[in-house]
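# Reading the structure
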Amino acid sequence: MVPLALVPLAIGEAIDKGIAARDTGSLLTWAGLVLGLGIVLAISDLKTNRAGDRVWIDSAGLMQRIVLRHATHVGADLPKKIKTGEIVAVGSSDLHGIGGLASVITRLTGGVVAFVVVAIMLLTSTPILGLAVVIGVPLATLGFVPLLKPLRARTEIHRDEVGAATTMAADIVSGLRVLRGIGGERKFTERFGTTSQRVRKAGVEAAKIDSWLSGIEVFLPGLVTILVVWLGARLALDGTITVGELVAFYGVSAFLVIPVSVATEAAHHYSEAIVAARRACAILALEPALKSPQDPKPLPSGSFGLRDETSGLTFAAGQLTVVTTTEPVAFADRLGRYTDAPVFAEDVSLRDADIDEIRDRVLVAHNQDVLFSGKLADEVDMGKSVDLRTALWAADAMDVVDGLEHGTDEYLAERGRTLSGGQRQRMLLARALSFDADVLVLDEPTSAVDAHTEARIVQRVAELRNGRTTVVFSQSPLWTRVADRVYTA
């Protein structure tokens, strides 16, 4: 910013001391100085842009990582406390506000420094023109302050609508198969169209204020420039200042449009960043419903048993237990300590155990779990003692893998949408078996497969999990035939 501000002053000196004085040496000297300032300006501008881009990426990425890391920490309670769209919006739109503000700070600082340097030089040479610039430019900068509050309010409304639209889109994508099955695509398309129109209207309302800011950042500094040129012209006609000084003052006043423009841009990014930061902080304020005690007790070694005080049922260590119940999800969540309930691992209450240890040793696999996008091997293989092919064999999923063009290197779509319901369920079961947990809780693991496939899965899971504690919630008689114990709750 400073070299750019000094260029008009150097040109003014070149006019007075070189052209007006007909001094070729002096003219070449000042022309060389202008060239040097241009080279410094080019290099510093390159570095500033690169640094600004790096700051944008770093700050946006840092916010995204912090929010997602905390969302993972909240864990299973997250969907109960916040909509999916809010998390998605942080990584898709909010990061632009945070990154934009961080990237403009360097240029805003440079603009302030350049303004101070120019103001001192103008006040020293011609006080009246210096005062016009020193007073006029800050007033022009303050001209957009009244617009910041309504801009922030409308940005907040727009952000709410974006979150609602993102949530609806996520719900539609996750239930696309069901929608197609019941012919509800058109209805939901209409609903999403209505929601997206609300997003558009909210964005237009915010853009109206933004357009006023854009106009003010040109209009008000333009008035200052007109004032400086008018005063300078009269002083030049009176002989108070030289032609070179007039050119210099005009160039400087024109340059000062840039710091005002940067200040306006910073104000715009600030309004967006405040909204984004509040949303991010709302997520960061969430806490998991269940926390580890200050002095946790270790769980029993090996494959331990569980005792559920709510139902009065005991699941013996190293055995396969089948439970027939109308509420398998709630029951399984109690055993995995996803809800607060009196459950004991031998003589140790899960309330007294470390949550991370429970998650590492007690795996609850629901039928509604999801597959993420990525290579099949990466999504299914948990890297434990049960290797990928063994887990796929036990889940009777090798035929699925053999039917894929790239086998275990096949790229799965989000939520495994390219797989059928039965294929997806077998992949989820293979993933659960691959984790090789000390205690494995399966919720309806074979409800979407045919009887012949289920019979093979039942036998293979019982064989693979022999000597390991396994709890299966199922209505199928095929599971009860291989179970060491059967309960009806």
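As a reminder, the structure under discussion sits directly above these lines.
Worth saying up front: this structure is predicted, and the values here are computed from it rather than measured. (Residues numbered from 1 in each chain as written. Predicted model: local features only at pLDDT ≥ 70, side-chain atom pairs only at ≥ 80, totals over all residues. Heavy atoms only, no water.)

## Quick notes on unusual backbone geometry
Peptide bonds are, in most cases, trans, and in most cases residues other than glycine have a negative phi. Despite not being glycine, Arg337 has its phi angle at roughly 55°, a positive value. Structurally, Arg337 can be placed in the loop between α11 (328–335) and β4 (343–345). Even without glycine at this site, Glu444 takes up a positive phi of about 45°. Along the polypeptide, Glu444 turns up in the loop between β9 (439–443) and α17 (451–464). (Helix = DSSP H or I, 4+ residues; strand = E, 2+ residues; numbered from the N terminus.)

## Overview of the packing of aromatic side chains
Tallied over the entire structure, the rule returns three aromatic pairs. Ring centres of Phe315 and Phe331 lie 6.2 Å apart, and the angle between their planes is 75°; on these two criteria the pair is classed as edge-to-face. With a gap of 16 residues between them, Phe315 in strand β2 (residues 313–315) and Phe331 in helix α11 connect regions that are remote in the sequence. Across this residue pair, the class does not change: Phe315 and Phe331 are buried. Ring centres of Phe331 and Phe473 lie 5.1 Å apart, and the angle between their planes is 50°; this geometry places the pair in the tilted category. (Phe/Tyr/Trp six-rings, centres within 6.5 Å; stacked < 30°, edge-to-face > 60°. Buried < 20%, exposed > 50% of the residue type's maximum accessible area, 1.4 Å probe, protein only.)

## Details of a nonpolar patch on the surface
Judged by side-chain polarity, Leu123, Leu131, Ile135, Leu139 and Leu142 come together as a nonpolar surface patch covering roughly 470 Å² of accessible area. Tallying contributions element by element places helix α5 (residues 127–142) first for the nonpolar patch, with four residues. Mapped onto the elements, Leu142 comes out in helix α5. Residue classification places Leu142 among the exposed residues on the basis of a relative accessible area of 52%. (Patch = residues over 30% accessible without salt bridge, like charges linked within 9 Å, V, L, I, M, F, W, Y side chains within 5 Å. Areas by Shrake-Rupley, 256 points an atom, 1.4 Å probe, with all protein chains shown as cover. Salt bridge = Lys/Arg side-chain N within 4 Å of Asp/Glu carboxyl O.)

## So, the sheet that holds β2
Across the sheet, which stays open at both edges, the four strands sit in the order β2-β1-β4-β5 with antiparallel pairing between neighbours. The sheet is open, and its two borders are formed by β2 and β5 (348–349), each paired with just one other strand. Judged from the two bridges that link them, β4 and β5 form a sheet pairing that is antiparallel. Among the inter-strand pairings, Ala345 is bridged to a residue of β5, identified as Val348. Packed on one face of the sheet, α11 meets β1 (306–308), β2 and β4 and runs near 125° to β1. (Pairing = 2+ DSSP bridges. Contact = heavy atoms within 4.5 Å. Axes fitted to C-alpha atoms, helices over the stretch in contact; angles between N-to-C directions.)

## Points about the pattern of salt bridges
Following the criterion strictly, the structure yields 17 salt bridges and no others. Notably, a salt bridge pairs Asp438 with Arg361, separated by 2.6 Å at the nearest N-O pair. In this pair, Asp438 sits in the loop between α16 (421–435) and β9 while Arg361 sits in helix α12 (residues 355–361), placing the two residues 77 residues apart along the sequence. Given a relative accessible area of 11%, Arg361 falls into the buried group. Note that Asp409 is salt-bridged to Lys375, the shortest N-O span being 3.5 Å. Within this pair, whereas Asp409 is found in the loop between α15 (398–402) and β8 (411–412), its partner Lys375 is found in strand β7 (residues 374–375), the two being separated by 34 residues in sequence. Of the residues examined, Asp409 reaches a relative accessible area of 45% and is grouped as partly exposed. It is possible to trace a salt-bridge network through shared partners that takes in Glu357, Arg361, Asp436, Asp438, Arg465 and Arg468.

## Considering α16
Helix length check: α16, at 15 residues, gives a terminal C-alpha distance of 22 Å against a target of 21 Å (1.5 Å per residue), a fit within 8%. Extensive coverage of α16 is indicated by the burial of 13 of its 15 residues. Where α16 terminates, the next one or two residues include Asp436, which has phi positive at roughly 50°. (Expected span 1.5 Å × (residues − 1).)

## Some thoughts on the side chain of Arg426
Within the element layout of this structure, Arg426 appears in helix α16. Sequence-distant contacts of Arg426, that is, excluding residues within four places in its chain, are made with Ala395, Asp396, Ala397, Asp399, Val400, Val449, Thr453 and Ile457.

## A few points about the packing of helix α1 (residues 2–20) against helix α2 (residues 24–74)
Packing of α1 against α2 brings their axes to within 8 Å, and their N-to-C directions diverge by 170°. Between α1 and α2, the angle is such that the two are roughly antiparallel. Contacts from Pro3, Leu4, Leu6, Val7, Ala10, Ile11, Glu13, Ala14, Lys17, Gly18 and Ile19 of α1 reach α2 at Ser26, Leu27, Trp30, Leu33, Val34, Leu37, Val40 and Leu41. Partitioning the contact of α1 with α2 into residue classes produces 15 nonpolar, two polar and two charged. (Parallel < 35°, antiparallel > 145°, perpendicular 65-115°, else oblique. Nonpolar A, V, L, I, M, F, W, Y, C, P; charged D, E, K, R; others polar.)

## Comments concerning the sheet that holds strand β3 (residues 320–324)
Spatially, β6-β9-β10-β3-β11 is the arrangement adopted by the five strands of the open sheet, whose pairing is parallel. Each edge of the open sheet carries a strand with a single partner, namely β6 (362–365) and β11 (485–488). Strand-to-strand twist across the sheet, computed as the mean angle between neighbouring axes with direction ignored, equals 15°. Note that β3 and strand β10 (residues 469–473) share four bridges and pair parallel. Paired with Val322 across the two strands is Val472, which belongs to β10. Helix-sheet contacts for α11 involve β3, β6, β9 and β10, and the interaxial angle to β10 is about 160°. Lying over the sheet, α16 contacts β6 and β9, oriented at roughly 170° with respect to β9.

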